[in-house]
Amino acid sequence: MKKILVVDDQSQIRELVEVTLRRDDFQIFQAENGEQAIQFARSHRPDLIIMDVMMPGNIDGLQATRILKSDPEMKASKIIMLTAQGQENDLAAGREAGADAYFVKPFSPLDLLKKVDEVLK
Amino acid sequence: IWGVRYLRADELTKRKTPVREWNRATAGLTGYPKEDAVGKSLTDIFIPEDERDSVQRLLERALQGRATVAHQVPLLDREGQGVTVLLNATARRDTLGNVVGVLAVGQDISELSKHQNRLEQIIERRTEQLLELLSSTETSLDRLDGILRTITDSLIVTDGGHRVVLLNPAAEALVGMSFAEAAGRPIETVLKERSICDRVKHTLEEGNREARYQVELQGANLASPKILSIRSSIMQYVESHRSGVVTIIRDVTQEHEVDRLKAEFLTTVAHEIRTPLTSIQGFSEILLKRTDLQVEERLKFLSHINREAEALASIVTDLLDMSRIDAGGASSISEVRCEAREVVRRGEGVFAEAARGHVLEVTVEDGDTVVLVDKQRIDQVFKNIVGNAVKYSPRGSTVCLTGKRDEACYRFSIQDRGMGMTRAQAKRVFDKFYKADASPSAPPGAGLGMTVAKYLIEAHAGKVWIETEYGKGTTVYFTLPVAGERSQPSDGVDGVFIGGNE
């Protein structure tokens, strides 16, 4: 059973990712912002975090990714960034923050599922 | 033509002036042949009475051996007509040097005076032309001056020594110095911005025909940096080799701001469109591919798709309205008579859809007042204004919708208890693409809602304004004209075209 954390400020997107990943071997958790995501990740050590980039609050997705990726204890958690921005510099920023993959909205749920399997392999 | 006459000295002194010689030219001029003239008195016969004394004096002076001055007199011909001659008299001496008479030479200047007249006419005409030219030069100078005054770009002209030769009023305002003060001063003492002075000097020294550059002004007294677009060109005087530099400075801060807003707008629009599209694409694919979903869940996903499609449609409507505003074109407004209370009810309907746990408080006075309204358009106005009230105030807080007669208008207001705006934000609330909170985490929207609302209200011949206090909340007011209060050919006009310019 893989633990997957879905982080997005929009509940509808969380719902979409959740139903996309609804499978017997996945256990899905949700967080609304960067702070919640970091807190949950540190206590539950998810295998994968699907992280929205633009989120309200003090810590956006990029920062949360940077913080988690620089934490040696969190090495095992993979991160897929999910964003409405798909420009070159955004992708570069995601890579630089340490994300394992980058997914641009709108997306095909089946493709996301494939990407998740790929990252978790 | 020359007239020559000899007069005897002894007789001349007796105030007699008998003619001794009479040349052919004189005969031709006067019409008297030599034989008729010789022996007759020059002054008595050929000079009009009022000129006789002066001619007599001229001849006497010549007789005394003194130089005579040319004298303009009329010489009478046979018909008693005067021919103007220039009379010169000199003493005539014999071989021993004794004065024997006077040689009077008359030069016919009638032609000359004709010429002179013509010359005078020419001079007169030329003078007139010159005066005309001068006044037209003055007019064109005036016109130039007018142009210089009118152009909003700053114009600074410097000479070969980089001294200020001209400042137009816009430039005076820019440098904070009058032209009178600045004239003749080195440019760097007039224009504080060193980089511009350097470019001006450089232009002349390098002999560049034209230099284009931009300078960002950061001043302590400037709220935000000013961006100046500058062109310095070498000026060659037509008549001399002197040269100088003409520098034109244009404030492009606003153009830059518009460009920046447009770029920001495109990013925002892309984001705004991607968000509903994500739900539409995602949930529709899930519905197509997943067979394990319960009916309730399928319905829920379908309603997500439906709502997001509506959100997309409203973004598109906003964009189309915007492009219409940009084009300055007419927007068709189909106004019908409608009770104010019915308009408020439409606002309530819009609120019910937009609210996220918000409470609506409705107050209607003079609800039976009849206003002219395009119902679809007013729904959009409410959607944009109420949408903001809901977006920018906490869940569960109260929004007040009120309606009240206000003289010839009916006034609506939508009050929220949200975050409110600073004065600077409030000033720009109706600007295109402007979002008071432009951070990624800001509530969604392209920054067009209030612009579109204002446009639609003004197309109704109404007015819109806001009152806001930072941290306390915002109230948006708008008015609609009361039916019959506006000159209207008939009530309930359908499909009226009202020119809508922002």
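Report follows, based on the coordinates. For clarity, every value in this text was computed on a predicted model and none was experimentally measured.

### Observations concerning the overall build of chain A
Along the backbone of chain A there are 5 helices and 5 strands. Listed N to C, the secondary structure of chain A is β-α-β-α-β-α-β-α-β-α in terms of helices and strands. Looking at chain A as a whole, 51% of its 121 residues are labelled buried. If you take every contact in chain A between residues at least 6 apart in sequence, the share linking residues at least 24 apart comes to 62%.

### A closer look at the packing of helix α13 (residues 340-354) of chain B against helix α14 (residues 375-391) of chain B
Any two packed helices are characterised by the angle at which their axes cross and by the distance between the axes. Residues and elements named next belong to chain B. Interhelical geometry of α13 versus α14 gives an angle of 50 degrees and a closest axis separation of 9 Å. Accordingly, the angle class assigned to the pair α13 and α14 is oblique. Note that α13 runs across α14; the crossing there is right-handed. Touching E342, V343, R346, G347, V350, F351 and A354 of α13 are K375, I378, D379, F382, K383, V386 and V390, all from α14. Per-class residue counts for the contact of α13 with α14 are 8 nonpolar, 1 polar and 5 charged.

### Some details on the interface of chain A and chain B
Opposite the 21 residues of chain A that make contact, chain B presents 23 residues. A buried area of about 2000 Å², summed over both sides, lies between chain A and chain B, and 58% of it is on carbon and sulfur atoms. Applying the counting rule to chain A against chain B returns 2 salt bridges. The tally of links between chain A and chain B comes to 10 residue pairs in polar contact (both at pLDDT 80 or more). Contributions of two or more residues to the side of chain A that touches chain B are made by α1 (11-20) and α5 (109-120) of chain A.

### Thoughts on the packing of α14 of chain B against helix α16 (residues 449-459) of chain B
Residues and elements named next belong to chain B. Relative to each other, α14 and α16 sit at 145 degrees, their axes nearing to 9 Å. As for how α14 packs across α16, the hand of that crossing is left-handed. Each of R377, Q380, V381, N384, I385 and N388 in α14 lies in contact with α16, whose residues at this interface are G449, M450, V452, A453, L456 and I457. Tallied by class, residues from the contact of α14 with α16 come to 7 nonpolar, 4 polar and 1 charged.

### Brief notes about the sheet that holds strand β15 (residues 398-406) of chain B
All names here are of chain B. Strand order in the open sheet formed by 5 strands is β13-β15-β16-β18-β17, and the pairing between neighbours is mixed. With one partner strand each, in any of the chains shown, β13 (359-364) and β17 (464-469) form the two edges of the open sheet. With strand direction ignored, the average angle separating the axes of adjacent strands in the sheet is 15 degrees. As paired elements, β15 and strand β16 (residues 409-415) share 7 bridges and run antiparallel to each other. Across the sheet, D406 pairs through a bridge with C409, a residue of β16. The strands that α14 touches are β15, β16 and β18 (473-481); relative to β18, the one it contacts most, it runs at about 170 degrees.

### Comments concerning unusual backbone geometry
Trans peptide bonds make up most of the peptide bonds, and negative phi angles are found at most residues other than glycine. Cis geometry is found at the peptide bond from K105 of chain A to P106 of chain A, where omega equals -10 degrees. Within the secondary structure, P106 of chain A is located in the loop between β5 (101-104) and α5. Phi is positive for D366 of chain B, close to 50 degrees, though the residue is something other than glycine. Mapped onto the elements of the fold, D366 of chain B is located in the loop between β13 and β14 (370-373). The phi dihedral of A461 of chain B is positive, around 65 degrees, even though this residue is not glycine. By the element assignment, A461 of chain B lies in the loop between α16 and β17.

### Notes on the nonpolar core
In this structure, F382, I385, I414 and F478 of chain B are the most contacted members of the largest nonpolar core, which totals 40 residues. Broken down by element, the residue count for this core peaks at 7 residues, all from α14 of chain B. Apart from residues lying up to four places away in sequence, F382 of chain B is in contact with V343, R346, G347, V350, G387, L401, F412, I414 and F478 of chain B. I4, V17, L21 and L113 of chain A belong to the second-largest nonpolar core, a separate cluster that totals 28 residues.

About the thresholds
All chains use their own residue numbering, which begins from 1 and follows the written sequence. Numbering of ligands from 1 and lettering of chains from A proceed in the order in which they are written. Only residues with pLDDT of at least 70 get local features here, since the model is predicted, and only at 80 or more are side-chain atom pairs given and counted; chain-wide, interface and lining totals rely on the full set of residues. Side-chain figures throughout are based on the complete set of non-hydrogen atoms in the structure, without hydrogens or water. For the purposes of this entry, the term helix denotes a DSSP run of H or I that reaches at least four residues, the term strand denotes a run of E that reaches at least two, and both are numbered from the N terminus. Classification of residues uses two cut-offs on accessible area relative to the type maximum, computed with a 1.4 Å probe and protein chains only: under 20% is buried, over 50% is exposed, and between them is partly exposed. Every residue pair with non-hydrogen atoms within 4.5 Å of one another is taken to be in contact. Each axis is a line fitted through C-alpha atoms, and for a helix only the stretch in contact is used; angles between axes span 0 to 180 degrees, taken between their N-to-C directions. Throughout, the term roughly parallel applies to angles under 35 degrees, roughly antiparallel to angles over 145, roughly perpendicular to angles from 65 to 115, and oblique to all others. Crossing handedness is defined as follows: a turn of the near helix away from the far one that is anticlockwise and smaller than a right angle gives a left-handed crossing, while the clockwise case is right-handed. Basically, the charged four are Asp, Glu, Lys and Arg, the nonpolar ten are Ala, Val, Leu, Ile, Met, Phe, Trp, Tyr, Cys and Pro, and anything else, Gly included, counts as polar. Buried area: the accessible area, evaluated with a 1.4 Å probe, that two parts lose upon being put together, summed over both parts. The term salt bridge refers to a pairing of a side-chain nitrogen on Lys or Arg with a carboxyl oxygen on Asp or Glu at a separation within 4 Å. Counted as a polar contact is a pair of N or O atoms within 3.5 Å, where, for protein atoms, one must be capable of donating a hydrogen and the other of accepting one, and residues adjacent in sequence contribute only when both atoms are in side chains. Only strands that DSSP links by at least two bridges are regarded as paired with each other. We call a set of buried Ala, Val, Leu, Ile, Met, Phe, Trp, Tyr and Cys residues a nonpolar core when their side-chain atoms join them within 4.5 Å.

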